[in-house]
Amino acid sequence: MAPMEGITNFIFRNAYHAYFHPMDKYFTPFISAKPGKHLSVKEIREVSPETNAGLAVVPQILTNHAEDFLETARIFKEYGHHEVNLNLGCPSGTVTAKGKGSGFLKDPEELDRFLDRICEGLEREQMNLSIKTRIGTTDEEDWEELMEIYNHYPLTELIVHPRIQKDYYKGEIRLHAFEQAVSTVRAPLCYNGDLFTVQDYQNIGEQFPETERFMYGRGLIANPGLLNEIRDGQKPDKKMFRNFHDKIYHDYQELLHDERNVLFRMKELWSYFSVSFRNSAKYIKKIKKATHYSEYQAAVSGLFAEQEEFLA
Ligand SMILES: Cc1cc2nc3c(=O)[nH]c(=O)nc-3n(C[C@H](O)[C@H](O)[C@H](O)COP(=O)(O)O)c2cc1C
């Protein structure tokens, strides 16, 4: 499961794991490493074994500072983690302007020095490193050099989202760059990007039969039954989806105690869920307008009532 800030947090991943095809690994949304780092309550919930029982969770770190990275990795180790993931993909302007996330890719030499230092430190801690990367910032020119750099380090996996920073989440996936990675990268390679349907998965699988690892983001949020379809040939069933939804909704109520905040979270999820439902427009409008639980619940129940046994 892809790390998605505000979406694939501990509440979402626990509900997902309870009702749908379990994931091999769940990556946390990025956690910023800072000097003198102390985890916030929110960050502790992301990485603690108590709030993630039975799930293989990999914490993700965002920084371009080696000492800060290592300090945060050591904290994760105290919570029982043996792998940390480095975010080299985030395209947001506020992050990249500071040379972090995919902004770090524009300085391959500095990145090499950073990786050298963190790999040495992680070895001492007996911790593993995986990386989630884009293929460049404003063009693809650096991709070959970046892959050569990654090849110097003992990564447990390299997750590649074949877009450059300035693509954000749009535009054609740059498949030729992933093809280059298949023949160049030494670490186990994981494909990430635009897996929305069974057909998308099959197309990538056919083009890259050697690729065995896939990371799912927006397509999985829109249709949490996607892996059940891919692995077990089962379409998402309305009852499973309803139970999944109700667990997230109740867990947010318990966590946040604030109607506005809970509804804000649920509305964000519905902006993805809506594509899985037939004739959803009228109900989605009501969900988006809801200011009280009663309105929200009525709209959700109406939407489910309109569906057949299996969703779109
Ligand atoms: C709302 C949102 C939040 C995201 N947050 C993170 C994050 O915290 N860390 C990260 O590495 N990628 C993050 N991503 C990128 C996703 O993990 C993934 O790489 C991207 O969405 C492409 O995969 P997909 O097409 O399967 O969604 C985020 C994407 C979205 C849309």
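All values derive from a computational prediction rather than experimental measurement.

What counts and what doesn't
Residues numbered from 1 in each chain as written. Predicted model: local features only at pLDDT ≥ 70, side-chain atom pairs only at ≥ 80, totals over all residues. Heavy atoms only, no water. Axes fitted to C-alpha atoms, helices over the stretch in contact; angles between N-to-C directions. Helix = DSSP H or I, 4+ residues; strand = E, 2+ residues; numbered from the N terminus. Parallel < 35°, antiparallel > 145°, perpendicular 65-115°, else oblique. Contact = heavy atoms within 4.5 Å. Nonpolar A, V, L, I, M, F, W, Y, C, P; charged D, E, K, R; others polar. Near = heavy atom within 4 Å. Polar contact = N/O pair within 3.5 Å; in protein donor to acceptor, adjacent residues only side chain to side chain. Areas by Shrake-Rupley, 256 points an atom, 1.4 Å probe, with all protein chains shown as cover. Phe/Tyr/Trp six-rings, centres within 6.5 Å; stacked < 30°, edge-to-face > 60°. Buried < 20%, exposed > 50% of the residue type's maximum accessible area, 1.4 Å probe, protein only. Lys NZ or Arg CZ within 6 Å of the ring centre and 35° of its normal. Core = buried A, V, L, I, M, F, W, Y, C linked by side-chain atoms within 4.5 Å. Domains from an automatic or database assignment.

A.B. asks: Sorry, what's going on with the packing of helix 11 (residues 238–256) against helix 14 (residues 293–306) here?
C.D. replies: A pair of packed helices is characterised by two quantities: the angle between their axes and the separation of those axes. Helix 14 packs onto helix 11 with a crossing angle of 170 degrees between their chain directions and a minimal axis gap of 11 Å. Relative to helix 14, helix 11 is oriented roughly antiparallel. Two secondary-structure elements touch here, helix 11 through K238, F241, R242, H245, Y249 and Q253 and helix 14 through Y293, Y296, Q297, V300, S301, F304 and A305. Among the residues forming the contact of helix 11 with helix 14, the class breakdown is 7 nonpolar, 4 polar and 2 charged.

A.B. asks: Would you mind showing me how to read the site of the ligand here?
C.D. replies: Around the ligand sit 17 residues, and of these P3, Q60, N192, D194 and R218 come closest. At 2.6 Å, a side-chain N or O of N192 approaches an oxygen atom of the ligand. At a separation of 2.7 Å, an oxygen atom of the ligand approaches a polar backbone atom of D194. With the chains in place, 91% of the 610 Å² that the ligand exposes on its own is no longer accessible. Taken together, the residues of the shell around the ligand sort by class into 7 nonpolar, 6 polar and 4 charged.

A.B. asks: Please clarify how the packing of aromatic side chains should be interpreted in this entry.
C.D. replies: Centre-to-centre distance and the angle between the planes together describe a pair of aromatic rings. Applying the stated criterion across every chain yields a total of 20 aromatic pairs. Their ring planes at 45 degrees and their centres at 5.0 Å tell us that Y249 and Y296 sit as a pair that is tilted. One end of the pair, Y249, is in helix 11; the other, Y296, is in helix 14, with 47 residues separating them in the sequence. Neither Y249 nor Y296 differs from the other in exposure class; each is buried. Here the aromatic cluster, defined as three or more aromatic residues joined through ring pairs, consists of F12, Y16, F20, Y26, F241, F244, W270, F273, F277 and F304. The ring of Y169 carries R134 above its face, with NZ or CZ at 5.1 Å from the centroid.

A.B. asks: I tried to follow the side chain of N192 on my own but got confused; where do I start?
C.D. replies: Topologically, N192 is positioned in strand 8 (residues 189–192). One polar contact links the side chain of N192 to the main-chain carbonyl oxygen of M215, over a distance of 3.3 Å. With residues near it in sequence (within four places) discarded, N192 still touches K132, I159, V160, H161, P162 and M215.

A.B. asks: What's the story with the nonpolar core in this structure? I'm lost.
C.D. replies: Buried together is how nonpolar side chains tend to be arranged in soluble globular proteins. Formed by 97 residues in total, the largest nonpolar core has its most connected members in Y16, F69, L115, L129, Y150, Y216 and W270. Here this core spans two domains, since at least three of its residues come from each of domain 1 (10–232) and domain 2 (238–306). Leaving out residues up to four positions away in the same chain, Y16 has contacts with M1, H21, P22, M23, Y26, L220, P224, L227 and F244.

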